[in-house]
Amino acid sequence: MILLTALIAGWIVFLPSIRSGAARVLFRAWVPVWRWRYFDEAGDTGCGHSSSDPVRLGPAALFLNPKGNLRHLENTLRDLEDGS
Amino acid sequence: MGASFLFREMTVLVSVAVFFQSIELIWLLARGQVEGVLAVRSLGSRLEAGSFVGRAVWEVLFSGWIFAGVQVLRIALAVLMAVRGAGSVASQLALLLTFYSSLRFGGSFNGGSDSMTLIALSGLVLGAYDPRAGLLWVGSLSILSYFVNGLRKGILRDWWSGAALEAFIRSSEVSIVPVQMVVVRARWFHRPASIAVILFQVLFPLFMFSKTAILFALGVGILFHFGNFVLFGLNRFFWIWVATYPAVAFVAEQIASRGANPL
């Protein structure tokens, strides 16, 4: 299988230079169902950051919402840096 | 409805979700907005790439052109899977490239929606060999995601009082603003809506035991995720969770058939 080969090759190539970071990412991204945080919509919005520059959406954003999702990412990264 | 039909439906819906996700990322890349939020240079430390060589490799691997090329490839795979079905090669590639895309942002671009996308795509990989296995995998995890989230809300007093919901809606920076304002002002609405969300999520697994109940649950689910888009701008959640609904219907069918003939 392509996937299995790619994963094994990737780990062999990168293992000397990667410690646990990518492994944590792999685990976190895959099946964290018991870690509710990763399915919690409210948490994913990084709510709690008040801003004078909200992203105002139109109906088309249901399909494509790059600005809004980027704002979510900014807020989430800020939360991670703040340790919240 | 047979497993093959439901698996086909799930494949199309997952492909739609991946399609829109990739276009969003290309849009952001084209405007140079990704690097400003999370520079490739910082990935090495996030992923704990211990050596200079490791960090340099990451910077090349996630450079703009390669990342854009991967998104174009994801779009092509999404179209291919929607039209031709989730063959084992296409679905494995789509899964691998989606994981790569998540890595670019240190784990995920949009939190839970990326996680569920990976789960859905891994279901397509499984389903290319056995549609029933793919549907059961995705369906059971989708059901569990509602239950776990409901449980988590259910242990917090602020969710039962409506205060948490009001606070989240009020502080949302991404929304259809006129609707958000109306909902914020309708203070009578916050507590019953919050209780309804908790009960819907916690009781979600029970809806599997009745055909009428599962149809009701899926309809409410669509409205729930649409509401999350309107109030929080969570469009990706809408598409990927709805994409799991054929799998949820399959799980419900299996439970119903066991109930009709327990032996």
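Figured I'd write up the structure that's included with this text. (Residues numbered from 1 in each chain as written. Chains lettered and ligands numbered in written order. Predicted model: local features only at pLDDT ≥ 70, side-chain atom pairs only at ≥ 80, totals over all residues. Heavy atoms only, no water.)

## A short note on the overall build of chain B
- Across its full length, chain B carries 15 helices and one strand.
- Expressed as a percentage of the 263 residues in chain B, the buried residues total 56%.
- Sequence separation of 24 or more characterises 73% of the internal contacts of chain B that already satisfy a separation of 6 or more.
- With 19 positive and 11 negative side-chain charges, chain B shows a spacing of 4 Å between the two charge centroids. (Helix = DSSP H or I, 4+ residues; strand = E, 2+ residues; numbered from the N terminus. Buried < 20%, exposed > 50% of the residue type's maximum accessible area, 1.4 Å probe, protein only. Contact = heavy atoms within 4.5 Å. Lys, Arg positive; Asp, Glu negative; His and termini not counted. Charge placed at Lys NZ, Arg CZ, Asp CG, Glu CD.)

## Structural notes on helix 11 (residues 177-185) of chain B
- Along helix 11 of chain B, the positions that sit buried rather than exposed are Val177, Gln180, Val183 and Val184 of chain B. Buried residues of helix 11 of chain B fall within an arc of 125 degrees about the axis and therefore sit on the same side. Exposed and facing more than 90 degrees away from the buried side of helix 11 of chain B are Pro178, Val182 and Arg185 of chain B.
- In this fold, the buried residues of helix 11 of chain B make contact with strand 1 (55-56) of chain A together with helix 10 (163-171), strand 1 (174-175), helix 12 (187-202) and helix 13 (211-232) of chain B. (Arc of directions from axis to C-beta.)

## Considering the pattern of salt bridges
Residues and elements named next belong to chain A.
- Inspection of the entire model under this criterion finds seven salt bridges over all chains.
- Glu74 is the partner of Arg71 in a salt bridge, and the nearest nitrogen-oxygen pair spans 3.6 Å. Placement of the pair is Arg71 and Glu74 together in helix 4 (residues 66-82), with a separation of three residues, close to one helical turn. (Salt bridge = Lys/Arg side-chain N within 4 Å of Asp/Glu carboxyl O.)

## Here's the deal with the packing of helix 6 (residues 88-104) of chain B against helix 7 (residues 112-129) of chain B
Residues and elements named next belong to chain B.
- The interhelical angle for the contact between helix 6 and helix 7, taken along N-to-C directions, is 160 degrees, at an axis separation of 8 Å. If you check the angle between helix 6 and helix 7, you find them roughly antiparallel. As helix 6 packs across helix 7, the resulting crossing turns out to be left-handed. Residues Ser88, Ser91, Gln92, Ala94, Leu95, Thr98, Phe99 and Ser102 of helix 6 touch helix 7, and the partners they reach there are Asp114, Thr117, Leu118, Leu121, Ser122, Leu124, Val125, Ala128 and Tyr129.
- In the contact of helix 6 with helix 7, the residues fall into nine nonpolar, seven polar and one charged. (Axes fitted to C-alpha atoms, helices over the stretch in contact; angles between N-to-C directions. Parallel < 35°, antiparallel > 145°, perpendicular 65-115°, else oblique. Left-handed = near helix turned anticlockwise from the far one by under 90°. Nonpolar A, V, L, I, M, F, W, Y, C, P; charged D, E, K, R; others polar.)

## Quick notes on the packing of helix 12 of chain B against helix 13 of chain B
Residues and elements named next belong to chain B.
- Running from amino to carboxyl end, helix 12 crosses helix 13 at an angle of 130 degrees, the nearest separation of the two axes being 11 Å. Relative to helix 13, the element helix 12 is oriented oblique. The chirality of how helix 12 crosses helix 13 is left-handed. In this structure, helix 12 contributes Val197, Phe200 and Gln201 to the contact, and helix 13 contributes Ala217, Val220, Gly221 and Phe224.
- In terms of residue class, the contact of helix 12 with helix 13 is made up of five nonpolar, two polar and no charged.

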